[in-house]
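This is what each chain is made of:
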Amino acid sequence: MKKLLFVIVFFIFCGISISQTVNESPFLEAGYQEYPQYDMRYDKTTGTYVYTYYDTTINKSMFLSNKGNSKYYDYCGAYNVQFNSKGDYFGTGSTFAEDYANDKTHIIANGIELRTYSYIDPIIIKDDILYVIAKNDNKSVFVKYNTMTKKFEYEKTYDEINLVYLSEEIYTEPYFELGFTKDGKEYFAAKDNNKQFLVIGGIEQEKFDEINPYGVTPDKIGEITYIATKITDDIRESFVIQGTKRYRSFPSIIEYIRFTNDNIPVYGISDDTTYSYFTKQYVTGNNPMKSYNAGVWGLDNTPSGKIFYIASDSTADGKYTSRLVIDGIEGKSYDAVYNVRFDNKDKPVFIVTKNQMEVLVYDNEEIGTEYNYIFGLTISPDGNIGYIGTISGDEGAKIPERYFVIIDGKRYGPFLSVPYGLMEGFFEAITFNESGNYAFAATDEKSKTYDNQKFTVYSNKFNSPGSFNYVNEIIAYNNDFYYSTASELSETVTEYNIFKNGNKIAGGYTALMDYKLDKENGIITFIGVKNYNYMYVEIKL
């Protein structure tokens with residue numbers, strides 16, 4: 001019986017250990033070059049690679065590629081290089097003048113210059129069409145280049161072009177891209193002859209005095225909805241346009257647009273005509289909601305589609321109170337309310353400030369301990385709540401700042417630090433998988449400087465084998481946790497490794513870039529450098 005049990009356990013272990021297939025495909029010798037290791041792009045389908053080579057003797061850069069090298073430029077970066085379906089690469093290179101107004105940026109295809117402008121925004125390729133937004137002689141130029149026929153199909157000059165599709169927020173700042181409609185037509189905002197308008201698929205829409213670039217978004221069925229303003233004799237009329245429908249006007253409409261479950265736009269208005277003024281109240285369609293004298297903000301939808309926001313009032317003695325409003329129903333008042341999330345039952349979870357301390361609120365009830373600062377709020381798929389609470393230190397008394405990790409009401413720590421990316425909100429501080437298990441990175445080691453601290457990955461199922469100078473984002477897939485680490489072996493050598501839970505599944509890389517997890521296909525991919533070779537690495541999970 002014991003022997004049979006051993007055989008069963010052995011095969012289970014083997015099944016776990018061989019469940020990841022690591023394929024390392026070398027495609028270029030790295031030699032001893034330092035700079036290319038951190039600026040490389042590779043197209044697996046066609047085998048095209050391109051990277052930036054920096055010559056320290058002349059302080060210039062060039063693209064090196066198996067599809068063609070470029071000449072030297074004062075600056076070029078492979079991070080923004082794009083590929084078409086044939087593996088042709090497209091990038092930009094800049095030449096600087098003594099007078100920066102005379103700087104030039106060039107579109108480069110397989111090392112050859114196609115066009116030159118004063119400045120070029122990041123380029124994109126979609127369906128083998130290269131889209132370029134550039135500047136020339138203080139004018140903006142929109143360009144479409146067919147990368148298969150190698151012909152410029154469209155080139156139109158405007159006084160100004162603004163990207164208006166808000167794809168995401170990067171480091172809490174809005175990041176705009178070229179937008180595409182549900183049927184694939186590109187759109188952006190343009191200005192000509194002091195009039196502003198949207199351009200959709202090359203067709204100029206109705207012209208106004210202003211288009212709010214923050215207020216352009218597809219509605220629930222893909223109709224482009226936006227905020228426009230007409231000015232007549234210094235009288236402003238701002239209104240929302242949804243497809244062919246126009247809503248009533250207000251002196252000023254600001255912030256983003258959200259939609260009810262019935263696809264009615266919700267937006268913020270003010271009786272002030274400057275964007276710097278706070279939003280006074282929200283409007284659903286043509287109907288204003290309740291007004292608050294200290295403003296409203298944070299408009300968004302709950303998972304079930306209800307409208308929520310934060311509202312504030314000021315009292316006669318100058319104090320402010322804030323509350324969460326969901327579907328028109330006001331919650332309790334606090335000194336401040338922020339970082340609102342919702343669990344799997346559509347119940348709100350958020351952080352509040354009271355008496356200069358912070359505490360977590362769940363379903364309008366305070367839970368847990370008060371901290372000087374709370375961040376990293378995360379909710380698991382099954383509704384468990386995780387966050388990090390900080391208690392301030394006293395430098396004079398040599399008491400360090402302490403970090404506590406709280407998961408489902410249980411407190412772990414104190415820790416002396418968590419990775420910088422967690423504190424800045426670059427990624428989740430705590431990662432949950434589908435089974436409700438969790439993992440996070442922290443350090444309880446003392447060090448003289450932050451750079452010398454080392455981090456361990458902790459979980460209710462495992463701990464990482466040792467600690468590392470840096471732990472990248474922890475990602476959950478199929479009930480397991482994956483993360484990459486960096487360990488400084490010397491002042492000039494850093495080793496990168498990939499872990500599944502507490503086990504290393506790939507590693508020994510001296511550089512690691514373009515790290516991605518394709519959850520749909522269950523594959524981790526990245527470019528690594530090992531034994532002085534660039535290699536494209538696929539880890540099948």
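In this convention, every chain numbers its residues from 1, walking through the sequence in written order. This being a predicted model, a pLDDT of at least 70 is required before a residue's local features are given, and a value of 80 or more before pairs of side-chain atoms are given or counted; all residues contribute to the totals for chains, interfaces and linings. Where side-chain values are given, they derive from all heavy atoms of the structure, hydrogens and water being excluded.

A. Quick look at the overall build of the protein chain. Scanning the protein chain for helices and strands turns up two helices and 53 strands. Projected onto the principal axes, the alpha-carbon positions of the protein chain cover approximately 85 × 65 × 55 Å. In this scheme, a residue with accessible area under 20% of its type's maximum is buried, one over 50% is exposed, and one in between is partly exposed, where area comes from a 1.4 Å probe on protein chains only. The 541 residues of the protein chain split such that 48% are buried. Here, residues are in contact when the closest pair of their heavy atoms is within 4.5 Å. Long-range contacts, defined here as pairs at least 24 residues apart, represent 34% of the contacts in the protein chain between residues at least 6 apart. Working note: accessible area of the protein chain is about 27,700 Å², and carbon and sulfur atoms make up 48% of it. Only runs of H or I of at least four residues qualify as helices and only runs of E of at least two qualify as strands under DSSP, and these elements are numbered from the N terminus. Note on areas: Shrake-Rupley, 1.4 Å probe, and residue coverage restricted to the protein chains presented here.

B. Just unusual backbone geometry, in detail. Cis geometry is found at the peptide bond from Gly413 to Pro414, where omega equals 10°. Among the structural elements, Pro414 can be located in strand 42 (residues 410-415). At Asp346, a position not held by glycine, the phi torsion is positive, near 70°. In this fold, Asp346 is placed in the loop between strand 35 (336-342) and strand 36 (348-354).

C. Expanded view of the sheet that holds strand 30 (residues 287-288). Strand order in this open sheet of four strands is 27-28-29-30, and the pairing throughout is antiparallel. Two strands in the sheet have a free side with no partner beyond their single neighbour: strand 27 (252-259) and strand 30. By definition, two strands form a pair when at least two bridges between them are found by DSSP. Note that strand 27 and strand 28 (residues 265-270) share five bridges and pair antiparallel. Following the sheet pairing, Ile253 is matched in strand 28 by Ile269.

D. Just a nonpolar patch on the surface, in detail. Two joining distances apply to patches: 9 Å for like charges and 5 Å for nonpolar side chains (Val, Leu, Ile, Met, Phe, Trp, Tyr), and every residue must have over 30% relative accessible area and no salt bridge. Just to be clear on terms, a salt bridge is a Lys or Arg side-chain nitrogen sitting within 4 Å of an Asp or Glu carboxyl oxygen. A contiguous nonpolar surface patch, about 380 Å² in accessible area, is contributed by Tyr75, Tyr79 and Phe96. The topology assignment puts Phe96 in the loop between strand 7 (89-95) and strand 8 (104-109).

E. Layout of the confidence of the model for the protein chain. Every residue carries a pLDDT, the predictor's confidence in it, which falls somewhere between 0 and 100. The pLDDT averaged across the protein chain works out to 88; a share of 90% of its residues lies at or above 70. Within the model, the stretch residues 1-18 combines pLDDT values under 50 with one contact to residues more than four positions away or in other chains.

F. Here's a closer look at the sheet that holds strand 37 (residues 357-362). Spatially, four strands are ordered 35-36-37-38 in an open sheet, and the strand pairing comes out antiparallel. Two strands in the sheet have a free side with no partner beyond their single neighbour: strand 35 and strand 38 (365-371). Put simply, the sheet's adjacent strands are angled 20° from each other on average, direction ignored. In the sheet, strand 36 pairs with strand 37 via six bridges, with the strands oriented antiparallel. Considered in strand 37, the bridge of Lys354 is made with Met357. Between N-to-C directions, angles cover 0 to 180 degrees, with each direction set by a line fitted to C-alpha atoms, over the stretch in contact for helices.

G. Summary view of the packing of aromatic side chains. Note on aromatic contacts: the rings of Phe and Tyr and the six-membered ring of Trp form a pair at centre separations within 6.5 Å, being stacked when their planes are under 30 degrees apart, edge-to-face when over 60 apart, and tilted otherwise. For the coordinates displayed, the defined rule picks out 35 aromatic pairs. On the numbers, 6.3 Å between centres and 65° between planes, the contact of Phe250 with Tyr267 is edge-to-face. In this pair, Phe250 sits in the loop between strand 26 (245-246) and strand 27 while Tyr267 sits in strand 28, placing the two residues 17 residues apart along the sequence. As far as the burial class goes, Phe250 and Tyr267 line up, both buried. With a centroid separation of 5.8 Å and 70° between ring planes, the pair formed by Phe415 and Phe440 is classed as edge-to-face. Residue Phe415 is located in strand 42, and its partner Phe440 is located in strand 44 (residues 438-442); the two are separated by 25 residues in the primary sequence.

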